[in-house]
Amino acid sequence: MALSLETAALIWTLCSERLPGSIVDLGSGYSSFVVRNWVKASGHRPVVWSVDDDARWLQRSRQYCEERGVDASNFTTWDVFRHTPLKFDLILYDLGRMPVRFENVGRALDLCSPSGIVVVDDMHKFNYHKEVERVLAEKGFTGVDMRESTTDAHEGRHCWLATR
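The structure presented is a predicted model; accordingly, all values stated were derived computationally and were not measured.

Enquirer: Is there a simple way to explain unusual backbone geometry in this structure?
Expert: Excluding glycine, residues mostly carry a negative phi; peptide bonds, for their part, are mostly trans. Located in the positive-phi region is Asn 74, a residue other than glycine, with phi close to 60°. Phi is positive for Asp 122, close to 60°, though the residue is something other than glycine. Structurally, the position occupied by Asp 122 is in the loop between strand E5 (112-120) and helix H6 (128-139). Under the relative-accessibility criterion, Asp 122 is labelled buried at 9%.

Enquirer: For this particular structure, what's the right way to read the nonpolar core?
Expert: Nonpolar side chains tend toward joint burial in soluble globular proteins. Counting residues in hydrophobic clusters, the biggest one holds 25 residues, and the most contacted among them are Leu 26, Phe 81, Ile 91, Tyr 93, Val 118 and Val 132. When contributions to this core are tallied by element, the ones reaching two or more residues are strand E1 (22-26), helix H4 (78-81), strand E4 (88-93), helix H5 (98-110), E5, H6 and strand E7 (160-163). Those residues within four positions of Tyr 93 in sequence are excluded, and the remaining contacts are Leu 26, Val 100, Arg 101, Asn 104, Val 105, Ala 108, Val 118, Val 119, Val 120, Asp 121 and Tyr 128. Counting 19 residues, the second largest nonpolar core, distinct from the first, contains Leu 3, Ile 23, Met 146 and Leu 161.

Enquirer: Can you walk me through the environment of His 124 in this structure?
Expert: Considering the arrangement of structural elements, one finds His 124 in the loop between E5 and H6. Between the alpha carbons of His 124 and Pro 99 there is a distance of 15 Å; along the sequence they are 25 residues apart. Discounting residues that sit within four places of it in the chain, His 124 has contacts with Glu 155, Gly 156, Arg 157 and His 158.

Procedures and definitions
Residues numbered from 1 in each chain as written. Predicted model: local features only at pLDDT ≥ 70, side-chain atom pairs only at ≥ 80, totals over all residues. Heavy atoms only, no water. Helix = DSSP H or I, 4+ residues; strand = E, 2+ residues; numbered from the N terminus. Buried < 20%, exposed > 50% of the residue type's maximum accessible area, 1.4 Å probe, protein only. Core = buried A, V, L, I, M, F, W, Y, C linked by side-chain atoms within 4.5 Å. Contact = heavy atoms within 4.5 Å.

That is the geometry; function is a separate question.
Here you go:
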């Protein structure tokens, strides 16, 4: 399922306000386009990565970006990327199906720079918020429920923001 327009607007705003030097989209798709389109529109030049656990979906995401005239570099699979030493100022976490997300939320948080921010999408999913809260506390992060700003009409999807 594509990123909601409400969360896309939040991501655009975060990029515009924070001007991150590095961004990783863990769970490629429309979110990759949103970030890369913001880069094109803003003239700001952060390092941007798009990562997915599904190689075919990753290729479709890259192609979508290419067809719309935005940068399509730095697309890779989670298996290749997961042990990167890089740290990111903005992380979008929407990786794979729910079992994959549960398993890797801690790894995603480990990629956050000291002043970075993490957008954790699909917090409406059954019991997902409980696991995210547990891992946030374990890793020393604070979560902010963005339900009021990002709930969509489709199925009540919304995100949280996490910072140290």
